[in-house]
Amino acid sequence: MTQTAIRRTDQPSSVHPQLAEVGGSMITSTAAKALAVLRISTGFVFLWAFLDKTFGLNYATPSAKAWINGGSPTKGFLASVQVGPLQSLFHAIAGTWWANGLFMLGLLAIGIALIAGVAMRIAAISGVVMLAMMWLAEVPFAQFTSAGEPTGSPNPFADSHYIYAIVLVVLAATYAGTTWGLAATWARLPFVNRNRWAQ
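Since this is a predicted model, take the numbers as computed values, not measurements.

A.B. asks: Before we go on, may I ask you to explain the overall build of the protein chain in this structure?
C.D. replies: Assigned secondary structure in the protein chain consists of eight helices and two strands. Counting all 199 residues of the protein chain, 33% fall into the buried class. Taking the contacts inside the protein chain whose residues are at least 6 apart along the sequence as the reference set, 57% of them involve residues at least 24 apart. As presented, the protein chain carries roughly 12100 Å² of accessible surface, and 67% of it is formed by carbon and sulfur atoms.

Encoded structure:
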């Protein structure tokens with residue numbers, strides 16, 4: 001009885017060392033690096049939003065409106081919602097301590113997770129939920145506000161929130177935290193090793 005060697009699908013191919021197979025599908029080394037750049041860049045988008053809103057770095061947030069100076073990271077955006085079926089809900093939670101806290105915690109945690117390449121599934125799910133709420137606040141398919149004014153929406157569906165949500169799903173699905181990230185070390189932690197959803 002002969003034994004057939006089974007090549008692991010999570011190791012580089014000896015025949016084509018430029019190819020690394022992940023989860024049974026092949027991805028080139030260049031593509032893995034491109035995904036790593038996309039992951040780190042997307043993470044910085046979230047982390048920068050947290051830093052600017054917290055400290056008022058005078059980009060989107062002036063220092064007088066910084067969170068540490070008593071400003072609200074959610075009030076201006078949610079209070080100005082003028083479209084969609086959730087308009088009254090967003091107005092009601094705008095500026096509340098828990099909405100501010102959850103929003104800022106989400107920005108920080110998702111940003112750090114993406115940059116480090118850890119907890120990619122959790123970061124993706126959390127990020128998609130956050131982006132979906134922001135998408136619902138803007139309702140890009142609406143042509144007119146509740147006051148009858150044109151919204152000026154450039155696209156009825158695929159706005160930046162939608163695109164970022166797709167990016168998060170792709171990053172988690174392609175194990176993008178492995179290249180230039182700490183995903184392998186994170187996966188070896190006992191709790192993470194026992195619970196794949198935490199990878």
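Moving on from the coordinates now.
A.B. asks: Quick question: what am I supposed to make of the nonpolar core here?
C.D. replies: For soluble globular proteins, nonpolar side chains are generally found buried alongside one another. The biggest cluster of nonpolar side chains holds 21 residues, and the ones touching the most others in it are Phe 46, Leu 107, Leu 114, Met 130, Leu 168 and Leu 171. Counting only elements with at least two residues in this core, the list comes to helix H1 (29-55), helix H4 (97-116), helix H5 (120-138) and helix H6 (160-173). The leading source of residues in this core is H4, at six residues. Beyond its immediate chain neighbours, meaning those up to four positions away, Leu 171 contacts Leu 35, Leu 38, Arg 39, Thr 42, Leu 114, Met 120 and Ala 176. Within the second largest apolar cluster, six residues are counted, among which are Leu 78, Phe 90, Ile 93 and Ala 94.

A.B. asks: Teacher, can you tell me more about unusual backbone geometry here?
C.D. replies: Most peptide bonds adopt trans geometry, and most residues besides glycine take a negative phi value. A positive phi angle, near 65°, is found at Asn 58, a position not held by glycine. Inspection of the secondary structure assignment puts Asn 58 in the loop between H1 and helix H2 (75-79). Positive phi outside glycine occurs at Trp 180, with the angle close to 55°. Note on placement: Trp 180 falls in the loop between H6 and helix H7 (183-187). Residue class for Trp 180 comes out exposed when judged on its relative accessible area of 51%.

A.B. asks: Is there a simple way to explain the packing of H1 against H6 in this structure?
C.D. replies: How two helices sit against one another is set out by the angle between their axes and by the gap between those axes. Contact geometry for H1 and H6: axes closest at 11 Å, N-to-C directions at 130°. Judged by the angle between their axes, H1 and H6 are oblique. As H1 packs across H6, the resulting crossing turns out to be left-handed. Across from Leu 35, Leu 38, Arg 39, Thr 42, Val 45 and Phe 46 in H1, the residues of H6 making contact are Tyr 164, Val 167, Leu 168, Val 170 and Leu 171. When its residues are assigned to classes, the contact of H1 with H6 shows nine nonpolar, one polar and one charged.

A.B. asks: Looking at this structure, how should I read the packing of H5 against H6?
C.D. replies: Packing of H5 against H6 brings their axes to within 9 Å, and their N-to-C directions diverge by 170°. As the angle between them shows, H5 and H6 are arranged roughly antiparallel. Here Met 120, Arg 121, Ala 123, Ala 124, Gly 127, Val 128, Leu 131, Met 134, Trp 135 and Glu 138 of H5 lie close against H6, whose contacting residues are His 161, Tyr 162, Tyr 164, Ala 165, Leu 168, Val 169, Leu 171 and Ala 172. For the contact of H5 with H6, the per-class residue count stands at 14 nonpolar, two polar and two charged.

A.B. asks: Sorry if this is basic, but what is going on with the packing of aromatic side chains here?
C.D. replies: Within a pair of aromatic rings, the relevant descriptors are the distance that separates the centres and the angle that separates the planes. By the definition in use, this model includes six aromatic pairs. Between Trp 48 and Tyr 59, the aromatic rings sit 5.3 Å apart at their centres with planes inclined by 80°, giving edge-to-face as the arrangement. You can see Trp 48 sitting in helix H1 and its partner Tyr 59 sitting in the loop between H1 and H2, a full eleven residues away along the chain. Taking relative accessible area as the criterion, Tyr 59 reaches 65% and is therefore assigned exposed. Put simply, the rings of Trp 135, Phe 141, Phe 157 and Tyr 162 pair up and form one aromatic cluster.

Parameters at a glance
Residues numbered from 1 in each chain as written. Predicted model: local features only at pLDDT ≥ 70, side-chain atom pairs only at ≥ 80, totals over all residues. Heavy atoms only, no water. Helix = DSSP H or I, 4+ residues; strand = E, 2+ residues; numbered from the N terminus. Buried < 20%, exposed > 50% of the residue type's maximum accessible area, 1.4 Å probe, protein only. Contact = heavy atoms within 4.5 Å. Areas by Shrake-Rupley, 256 points an atom, 1.4 Å probe, with all protein chains shown as cover. Core = buried A, V, L, I, M, F, W, Y, C linked by side-chain atoms within 4.5 Å. Axes fitted to C-alpha atoms, helices over the stretch in contact; angles between N-to-C directions. Parallel < 35°, antiparallel > 145°, perpendicular 65-115°, else oblique. Left-handed = near helix turned anticlockwise from the far one by under 90°. Nonpolar A, V, L, I, M, F, W, Y, C, P; charged D, E, K, R; others polar. Phe/Tyr/Trp six-rings, centres within 6.5 Å; stacked < 30°, edge-to-face > 60°.

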